[in-house]
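Listed here are the chains, written in short residue letters.
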Amino acid sequence: MQYRFQDAQDQQTQKIEILELSEERCKFVLYEIDISYANALRRVMIAEVPVMAIHFVDIIENTSPLQDEFLSQRLGLIPLISSKADEMLYDWEVDYDNMNELKYKVTFSLKAKNNNDIPLEITSLDLVPDFEDISAGAVKPVRCFSPLDGREVGIPITKLGKNQSVHVRCHALKGFGKMHAKWSPVNIATFRHEPEIIIDNTQQLSQSEKEEIVKSCPTQVLALEKGEIKVKYIEQCVFCEECQRKAESFKKPRMIKIQHKKNKFIFHVEGTGQLRASDIVTRAFQVIGKKLSDINDCIEQSRRI
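The present account deals with the structure reproduced in this document. (Residues numbered from 1 in each chain as written. Predicted model: local features only at pLDDT ≥ 70, side-chain atom pairs only at ≥ 80, totals over all residues. Heavy atoms only, no water.)

### Considering the overall build of the protein
The condition that has to hold: Secondary structure elements are defined from DSSP: runs of H or I of at least 4 residues count as helices, runs of E of at least 2 residues count as strands, and each element is numbered from the N terminus. Taken over C-alpha atoms, the radius of gyration is set against a globule rule of 2.2 Å times the number of residues to the power 0.38. Throughout this description, buried means an accessible area under 20% of the type-specific maximum (1.4 Å probe, protein chains only), exposed means over 50%, and partly exposed covers the range between. By the convention used here, residues are in contact when the closest approach between their heavy atoms is within 4.5 Å. Areas reported as accessible are Shrake-Rupley estimates using a 1.4 Å probe. Residue values count occlusion only from the protein chains shown. Charge convention: Lys and Arg are scored as positive, Asp and Glu as negative, and His as well as the terminal groups of each chain are ignored. By convention, the point assigned to a charge is CZ for Arg, NZ for Lys, CD for Glu and CG for Asp.
The helix and strand inventory of the protein stands at 5 helices and 15 strands. A compact globule built from 305 residues would reach a C-alpha radius of gyration of about 19 Å, whereas the protein, at 26 Å, exceeds it by more than 25%. Counting only C-alpha atoms, the protein reaches 80 × 70 × 30 Å along its principal axes. Relative to its 305 residues, the protein shows a buried fraction of 38%. Excluding contacts between residues fewer than 6 apart, the proportion of contacts in the protein whose partners are at least 24 apart in sequence is 72%. Summed over its atoms, the accessible surface of the protein is roughly 18100 Å², and 50% of this surface lies on carbon and sulfur atoms. Of the charged side chains in the protein, 42 are positive and 45 negative; the average position of the first set lies 5 Å away from that of the second.

### Observations regarding the side chain of Ser216
The cut-off we apply is this: Under this definition, polar contacts are N or O atom pairs within 3.5 Å; protein pairs additionally need one hydrogen-donor-capable and one acceptor-capable atom, and for neighbouring residues in sequence, both atoms have to be side-chain atoms.
With respect to the secondary-structure elements, Ser216 resides in helix 3 (residues 207-216). In this structure the side chain of Ser216 is engaged in a polar contact, spanning 2.5 Å, whose partner is the backbone oxygen of Ile213. The residues contacting Ser216, other than those within four sequence positions of it, are Glu242, Cys243 and Lys246.

### Examining unusual backbone geometry
A positive phi angle, close to 55°, is found at Lys226, a residue other than glycine. Within the secondary structure, Lys226 is located in the loop between strand 13 (222-225) and strand 14 (228-231). The phi dihedral of Glu241 is positive, around 65°, even though this residue is not glycine. Locating Glu241 in the fold gives a position in the loop between strand 14 and helix 4 (242-249).

### Digging into the packing of helix 1 (residues 35-47) against helix 5 (residues 277-304)
Applied cut-off: Only the contacting stretch of a helix is used when fitting its axis, a line to C-alpha atoms as for every element, and angles between N-to-C directions run 0 to 180 degrees. Should an angle fall under 35 degrees it is taken as roughly parallel, and over 145 as roughly antiparallel, whereas 65 to 115 is taken as roughly perpendicular and any remaining angle as oblique. Helix crossings are classified by the rotation of the near helix relative to the far one: an anticlockwise turn of less than a right angle makes the crossing left-handed, while a clockwise turn makes it right-handed.
Between helix 1 and helix 5, whose axes approach to 9 Å, the crossing angle comes to 115°. As judged from the angle between their axes, helix 1 and helix 5 are roughly perpendicular. By crossing handedness, the relation of helix 1 to helix 5 is classed as right-handed. Across the interface between the two elements, Tyr37, Ala40, Leu41, Val44 and Met45 of helix 1 pack against Ile280, Val281, Ala284, Phe285, Val287 and Ile288 of helix 5.

### Looking at the state of the cysteines
What counts, and what does not: Working definition: a disulfide is two cysteine sulfur atoms within 2.5 Å of each other.
Counted under the stated rule, the structure contains 0 disulfides. The structure places no disulfide on Cys144, whose sulfur is separated from the nearest cysteine sulfur, that of Cys170, by 16 Å. Cysteine Cys237 is unpaired, with the sulfur of Cys240 as its nearest cysteine sulfur at 6.6 Å. Judged by its relative accessible area of 7%, Cys237 falls in the buried class.

### Observations concerning the pairing of strand 3 (residues 25-31)
This is how it is decided: Two strands form a pair only when DSSP identifies at least two bridges running between them.
Counting buried positions along strand 3 yields 5 of 7 residues, so the element is predominantly enclosed. One ladder, built from 6 bridges, connects strand 2 (residues 13-21) with strand 3; its direction is antiparallel. In the strand pairing of strand 3, Ile18 is matched with Phe28. Bridging between strand 3 and strand 15 (residues 256-271) involves 7 bridges; their strand directions are antiparallel.

### Observations concerning a nonpolar patch on the surface
Short version of the rule: Patch membership requires more than 30% relative accessible area and the absence of a salt bridge. Residues of like charge join within 9 Å; the nonpolar side chains Val, Leu, Ile, Met, Phe, Trp and Tyr join within 5 Å. By convention in these notes, a salt bridge is any Lys or Arg side-chain nitrogen within 4 Å of a carboxyl oxygen on Asp or Glu.
A surface patch of nonpolar side chains, about 270 Å² in accessible area, is lined by Leu292, Ile295 and Ile299. Along the polypeptide, Ile299 turns up in helix 5.

Here is the structure:
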């Protein structure tokens, strides 16, 4: 799947090619952009895409093995579905005297007590929203499923022994990764250059030496076809240069050249479940667009002075 857009300044046509797409992962290629823009996109996905996370915890009762601070931290790190985050306000935007709290926060309650001898595990499934929202994008803990039997399991919070109890009220607020890692919607957001391998097969080598060069690649990028070394899986190249070093050991230092293609970047994005991977990328582009628009407005205002 490919999308194209044009830069009005340099008349270059940028292109996005989607290689892999699922709820959790997105792999795509950006063409004809500068590395500074590619890195800006990566940084914004990590640190500036807003999501919801538990920020304040009212400890009503806690006789669990965890101290209040540790319990609060574990609650804060539970990822919450945040497709409605854009509709919420940041807490610094709120007029507390005249604002409905549903416009800027979501509250959850957790109340449990173990009356048995067997330890009781408390998980994110025990978090109950104070105002039930049954819509698809409701702010609530992400759903997790066991890889063994497929049943839904919660994210562990603590365990209670006999007669131990926990009762807390949690306040989830809108934020972004710059404020705290719990507001970062990604596990992975990386990009790399696409490699380009140039092989000079005119240089004389024995069959066994060619086989050694092919086998020297740890990711099996190269293959031997009809007596010539060929690039078979270019996307697996990690720029380790082992094939170059092996060729140099046979006194053929210019036989293999590894370089990267300019203005072409391969992105890998993996979300935490708070947002779909595609939404993370889309919202990151929107954040960058808003920043550029704000800069342009400031420049225009300065010109009028």
